[in-house]
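Next come the chains, spelled out residue by residue.
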Amino acid sequence: MQTEVVDGILVITMPVRLDAFGVTGIEDDLAETVATYAGKVLVDMAPVNFIASLALRMLLTNLKAVQQLGGDLRLCGLQPPIAEVFRKSRFDTLFKISTDRDSALEAYQG
Amino acid sequence: MRHVQTQASDTCAHGYVRHIFVRGSVRRSMLYSSYKQPYGEVAVSEQHSIEVAAEWASAAQLMAFADQIEPSLSLSSDQVYLLHMVIEEITTNIVKYGYAGTTGVIQLTCSVEEQVLTITIRDHGVPFDPRAAPDPDLATTIADRPVGGLGVFFVREFADSVEYQHDPETGWNTLTVVKSVSNPDLLEQLRNISLFARLSDDDLSSIAAHVTERRLQTGEVLFNEGDEGKVCYVILAGALEALKYLGETELHLEVRQAGQIMGEMALIDRSPRAATVRAVADCVLAELDELGFFALMHADPEVALELLRGGAARLRRTNREMIAGLEAKNAELSKAYADLQAAQNELIRFNRIEEELSVARRIQRLFLPRDLPAPLGWQVAAFSRGAQAVGGDFFDYIELPNGRIGLVVADVAGKGVPAALYVALARSLLRATSQSLVLAGGIGGGLDRMMLQAIELTNTYMVREHGESNIFITLFYGVLDPVTGLLQYVNAGHNPPMLLSSDGSVRELELGCLPIGVIEEQGLRLEQVVIQPGEAMVGFSDGITEAMDATLAMFGEDRLIETLHEHSHFDADSLVEVIIRNVDAFVDGAAQSDDITVLVFRRMEAHEIVRSMPT
């Protein structure tokens, strides 16, 4: 899990596999990072090629947490199979999702 | 001129005898060069001879010869002393009295066999038997004492035996002096040891016959445990340690120092050596054989008592150490036992968890409908397999009024026990809300209303009561009218079921809304489809499409569609079977990573119905 701040937006890059093991590896770290930042968070999903339901839950948890702190959590760079999971579970209606990081950052600024 | 003749017969078959005869003056380098010792460990008896002219310098020549041969003869210090004395005293006698100014030769031969030195001196002078010479009067004062005779006396005293022979035919006199390795030094050293200090000279010298010297280098083993023990040892210098081997481990029993005795136990009780004994320093030992040992015991009761005291003290010490050792062992065992018990408790705990899990699994199985009573003209088949003991997938089959059937396929995020708990909750909520609404006459608004209300209630409950857990459930809930084939359904974030036509075409049902438990106002949408004769609705969990092989490749939707496409004519049971078979074949033994659930609802064609009717 990589983090950087670009124009006041905390960009967090996800690992390749967000299965149970991958989630366990970043879950606590992610929660703390997001809660500490308590602002605009962009989760870059570009490297992710597998996502388990636990990962959806992790993202949902962080979305709720950061929204309560007045921030937001958006996603970008979903590979087609990942986008499909979001579509079928309708999680695409929960998150603001951009195709890539640049467009996400631009949209966030607006 | 003197000439040298060297005759070396040192190559006889087994190399036992080496004979070197040197005539005349000696060239040391030559002598030494013939003294190689090629015989390794073979016991060598050596013999060296020299012939010199009888003159005043003879003694010096012979002494030089002696110096040269001594190293190869391995003489003890007293043997060396005797050899020198013989050369000095006897040669002088021969030159002075034997030849008495005439010319002649003296032949000297030294040989050693089994540590016994034999000195032979031959001359051609006036016969003289040294044995016959009277002892000098040692009692008289120096002033009164006659000159001479002392040398011969000393030789007699020092030698074990002195033989004299005169051959009247040849005129040769042969004097043979024999000296074995006795050890007055050793006796002297023994006397310095407290154990022997009280012995009389007589006792000590009678014991001396049973004493030989042994030398050990540090680390050398004196004897091994189990060896036969017929001698014991008095340590004159150095130190010995007794040890036992327990498998690979060396147990150091005790170390004994100079002045102490070692190995006497075997002599006392005539048992094999109880321990292995090794030198921990370079040692000089007086080896005492059985007779010598018992002579020692008899000579002085104090010695016997002293030995007994030593034995008793050792026994006490050994007991003490053994008890301490046993106590330590006992402590170790107690600890090991405690560890074992802890491990066993852990195992019991683990087994109990396993047992509880298996109970949970049985209970969870009971959550699944035991039988799926297919309405007339329909086939129903289902399959569910958890990745762990208990899982997060479930399906349900709820009988509703007017022959309607509620069909549920659901998947709780996660797996294992946490997921299973929510399965129980969600299933119960759905069932309870469905049934209660039916019973409460909620039918008024139609079954579609009832469905939406049931799911909404479930969702609200989950969000309000369990929102903190962020657990969500993907749910497909459909209500089928078997008569018309109308399926009204709500899809809350679940993989849309597929509709398989008899011609092999496959299409997905509509997407729905967010899963149950995420947000309160999730905007449930009711969809509907009519299942035609020959069509099958295939509901499944993502464990099917995301089943992974060892390379983490996924089974995928395409393979599922292909499987369905190729088996569109299969009945419901066969369809479920072939899906699971294909998934398993694809996974090829890789560990199942997620729960797998399939539910197939198939509307039969007219001719099938006729066939399936009881006659």
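For the structure, see preceding data.
These lines cover the structure that appears in this document, whether it is placed above or below. Remember, it's a predicted structure, so these values are computed and weren't measured experimentally.

Focus on the overall build of chain A
- Of regular secondary structure, chain A possesses 4 helices and 7 strands.
- Considering chain A as a whole, with its 110 residues, one finds that 43% of them fall into the buried category.
- Contacts in chain A between residues far apart in sequence, at least 24 positions, make up 76% of those at least 6 positions apart.

Focus on the overall build of chain B
- Within chain B, the secondary structure is distributed over 16 helices and 25 strands.
- Going through the 615 residues of chain B one by one, you find that 32% of them count as buried.

What about the environment of B:Leu457?
- Along the chain, the position of B:Leu457 falls in helix 12 (residues 447–466).
- C-alpha separation for the pair B:Leu457 and B:Thr433, spaced 24 residues apart in sequence, amounts to 7.2 Å.

Let's talk about helix 2 (residues 58–73) of chain B
All names here are of chain B.
- With 16 residues, helix 2 ought to run about 22 Å at 1.5 Å a step, and its terminal C-alpha atoms sit 22 Å apart, in line with that.
- Along helix 2, the positions that sit buried rather than exposed are Ser58, Ala59, Gln61, Leu62, Phe65, Ala66, Ile69 and Leu73.
- Of the residues flanking the end of helix 2, it is Ser74, one or two places downstream, whose phi is positive at about 50°.

Quick notes on the sheet that holds strand 24 (residues 536–540) of chain B
All names here are of chain B.
- Taking strand neighbours across the sheet as the criterion, the 5 strands line up as 16-25-24-21-22 in an open arrangement whose pairing is antiparallel. Edge positions in the open sheet fall to strand 16 (378–385) and strand 22 (506–508), since each of these has one partner strand only. Taking the axes of each pair of neighbouring strands and ignoring which way they run, one obtains an average angle of 15° across the sheet.
- Relative to strand 22, strand 21 (residues 498–500) runs antiparallel, the two sharing 3 bridges. What sits directly across from Met498, in strand 22, is Glu508.
- Each of strand 21, strand 22 and strand 24 touches helix 14 (residues 556–566); the most contacted strand, strand 22, lies at about 135° to it.
- Strand contacts of helix 15 (residues 572–587): strand 16, strand 24 and strand 25 (596–603), with the helix running at about 25° to strand 16, the strand carrying the most contacts.

A short note on the interface of chain A and chain B
- Each side of the interface is counted separately: chain A has 13 residues, and chain B has 14 residues.
- If you list the elements that add at least two residues to the side of chain A that touches chain B, you get helix 2 (53–68) and helix 3 (80–88) of chain A.
- A total of 6 residues in the side of chain A that touches chain B trace back to one element, the largest contributor, which is helix 2 of chain A.

Focus: the environment of B:Asp503
Residue and element names in this part refer to chain B.
- One can find Asp503 in the loop between strand 21 and strand 22.
- On the basis of neighbour counts, which here come to 10 C-beta atoms within 10 Å, the residue Asp503 falls in the exposed class.
- Separated by 62 residues in the primary sequence, Asp503 and His565 place their C-alpha atoms 8.2 Å from one another.

Some points on the sheet that holds strand 13 (residues 261–262) of chain B
All names here are of chain B.
- The 4 strands are arranged 8-15-10-13 in an open sheet whose pairing can be described as antiparallel. The open sheet has two free edges, formed respectively by strand 8 (211–216) and strand 13, since each of these has just one partner strand.
- Two strands pair when backbone bridges link them, and strand 10 (residues 231–237) and strand 13 are joined in this way by 2 bridges, in the antiparallel orientation. What sits directly across from Val234, in strand 13, is Ile261.
- With respect to the sheet, helix 9 (residues 290–299) is in contact with strand 8, strand 10 and strand 15 (283–289), its orientation differing from that of strand 15 by roughly 85°.

Topic: unusual backbone geometry
All names here are of chain A.
- Positive phi outside glycine occurs at Asp7, with the angle close to 50°.
- Summarising the element assignment, Asp7 is placed in the loop between strand 1 (2–6) and strand 2 (9–13).
- Looking at Asp7, the number of C-beta atoms within 10 Å reads 10, which means it is exposed.
- Here Ala38, not a glycine, exhibits a phi torsion of approximately 50°, which is positive.
- In this fold, Ala38 is placed in the loop between helix 1 (20–37) and strand 4 (40–44).

Looking at the environment of B:Gln115
Residues and elements named next belong to chain B.
- Along the polypeptide, Gln115 turns up in the loop between strand 4 (105–113) and strand 5 (116–123).
- C-beta crowding within 10 Å serves as the criterion here: with 15 such atoms nearby, Gln115 is assigned to the partly exposed category.
- Sequence separation of Gln115 and Leu73 is 42 residues, and the distance between their C-alpha atoms is 8.5 Å.

Quick look at the pairing of strand 15 of chain B
Residue and element names in this part refer to chain B.
- Of the pairings in the sheet, the one linking strand 8 to strand 15 comprises 6 bridges and is antiparallel in character. Paired with Arg215 across the strands is Val284, a residue of strand 15.
- Where strand 10 lies against strand 15, 6 bridges are found, and the strand directions are antiparallel. When the sheet's bridge partners are listed, Val234 is paired in strand 15 with Ala286.

Notes on the packing of helix 14 of chain B against helix 15 of chain B
Residues and elements named next belong to chain B.
- Interhelical geometry of helix 14 versus helix 15 gives an angle of 140° and a closest axis separation of 10 Å. Between helix 14 and helix 15, the crossing angle belongs to the class labelled oblique. Here the hand of the crossing between helix 14 and helix 15 comes out right-handed. Residues Arg559, Leu560 and Thr563 of helix 14 touch helix 15, and the partners they reach there are Val578, Ile579, Asn582 and Phe586.
- Residues belonging to the contact of helix 14 with helix 15 are distributed by class as follows: 4 nonpolar, 2 polar and 1 charged.

Some remarks on helix 15 of chain B
Residue and element names in this part refer to chain B.
- Its 16 residues give helix 15 an end-to-end C-alpha distance of 23 Å, which sits within 8% of 22 Å, the value for a rise of 1.5 Å per residue.
- Along helix 15, the positions that sit buried rather than exposed are Ala572, Leu575, Val576, Ile579 and Val583. In a view along the axis of helix 15, the buried residues occupy a sector of 100°, so they form one face of it. Away from its buried face by more than 90 degrees, helix 15 exposes Arg581 and Ala585.

A word on the packing of helix 7 (residues 201–208) of chain B against helix 9 of chain B
Residues and elements named next belong to chain B.
- Contact pair helix 7 / helix 9: the axes reach a minimum separation of 9 Å and the direction vectors enclose 165°. Of the possible angle classes, the one that applies to helix 7 and helix 9 is roughly antiparallel. Crossing hand, helix 7 versus helix 9: right-handed. Contacts from Asp203, Ser206 and Ile207 in helix 7 reach Gly292, Ala295, Leu296 and Ala299 in helix 9.
- Residue composition of the contact of helix 7 with helix 9, by class: 4 nonpolar, 2 polar and 1 charged.

About the thresholds
- Residues numbered from 1 in each chain as written.
- Chains lettered and ligands numbered in written order.
- Predicted model: local features only at pLDDT ≥ 70, side-chain atom pairs only at ≥ 80, totals over all residues.
- Helix = DSSP H or I, 4+ residues; strand = E, 2+ residues; numbered from the N terminus.
- Buried ≥ 20, exposed ≤ 12 C-beta atoms within 10 Å, placed from the backbone.
- Contact = placed C-beta atoms within 7 Å.
- Expected span 1.5 Å × (residues − 1).
- Pairing = 2+ DSSP bridges.
- Axes fitted to C-alpha atoms, helices over the stretch in contact; angles between N-to-C directions.
- Parallel < 35°, antiparallel > 145°, perpendicular 65-115°, else oblique.
- Left-handed = near helix turned anticlockwise from the far one by under 90°.
- Nonpolar A, V, L, I, M, F, W, Y, C, P; charged D, E, K, R; others polar.
- Arc of directions from axis to C-beta.

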